[in-house]
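# Structure assessment
In case you want the letters, here they are:
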Amino acid sequence: MLFCNISSDKVHICDAQGEIFLERNGIEKVLGPTLVDRAKKSPFDQVFLVNGPGGFTNLRVWALTWNLVAHLLHLRKQTVNFFSCTKIDLYRYFVKKGILPKIWYIYLGQKHSVWKYDFEKDLYEMVNQPFVFEKESFCDRVHDSAYWGENFDMTHFGNDEKGAFLLWKGEKYYFTAKDLDLKKVSSVKAEYMIDPTLG
């Protein structure tokens, strides 16, 4: 299974063979060739997709591209199925298990505002600069070191020979589509989750 996170400042593609990070700028030009090359090196018929919230351009371009890839493979009598999961549902799984804190700061690709989500209250709130973070909280992994403005506990996703995992404070926590009660789907819909016109 291929793992793909389209909800960060760099698009992350990985499987047990290794990982690739793609810059958001110009993603529409490099995405197709990257997926074709990946399929040749390590064929896949299932994709675990971390899909929103995140940068709106990433989500839109990647959803369209994955649907195109699935269509082209269908024409060649090949099938790709997706297990699409929002970060909020994935993180909620780990919050309920007591692994992650209950407060999450969300990367949306806007440098002057971020969103805070309280899992206990199921409540979103916009936070403006200068950012002041609660002590018991976490944020998405962001490669742009200037984004959060300070050292912060960031999550990271990966995939190795044992499967997909969340990396948190140096520990790997494995999860499956079954753990999250995800069903196979044949096409992808971008999950923006937060209105892009806000903020």
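As shown above, the structure is provided for reference.
One structure accompanies this document, and this report is about it. (Residues numbered from 1 in each chain as written. Predicted model: local features only at pLDDT ≥ 70, side-chain atom pairs only at ≥ 80, totals over all residues. Heavy atoms only, no water.)

Let us look at helix 2 (residues 56–75). The end-to-end C-alpha separation of helix 2 is 29 Å, in line with the 28 Å expected for 20 residues at 1.5 Å each. Buried within helix 2 are the following residues: Phe 56, Asn 58, Leu 59, Val 61, Trp 62, Ala 63, Thr 65, Trp 66, Val 69, Ala 70 and Leu 73. Residues of helix 2 that are buried make contact with strand 1 (2–5), strand 2 (10–15), strand 3 (18–23), helix 1 (27–41), strand 4 (46–50) and strand 5 (81–85). One or two positions beyond helix 2, positive phi appears at Lys 77, with a value near 65 degrees. (Helix = DSSP H or I, 4+ residues; strand = E, 2+ residues; numbered from the N terminus. Expected span 1.5 Å × (residues − 1). Buried < 20%, exposed > 50% of the residue type's maximum accessible area, 1.4 Å probe, protein only. Contact = heavy atoms within 4.5 Å.)

Relative to the assigned elements, Gly 170 resides in the loop between strand 11 (163–168) and strand 12 (171–174). The class for Gly 170 is exposed, based on a relative accessible area of 65%. Each C-alpha atom of the pair Gly 170 and His 156 lies 9.8 Å from the other, and the pair is 14 residues apart in sequence.

In contact at an axis separation of 11 Å, helix 1 and helix 2 are set at 35 degrees when each is read in the N-to-C sense. Considering the relative orientation of helix 1 and helix 2, their crossing is right-handed. Facing Ile 27, Glu 28, Leu 31 and Leu 35 of helix 1, the residues of helix 2 in contact are Val 61, Trp 62, Thr 65, Trp 66 and Val 69. (Axes fitted to C-alpha atoms, helices over the stretch in contact; angles between N-to-C directions. Left-handed = near helix turned anticlockwise from the far one by under 90°.)

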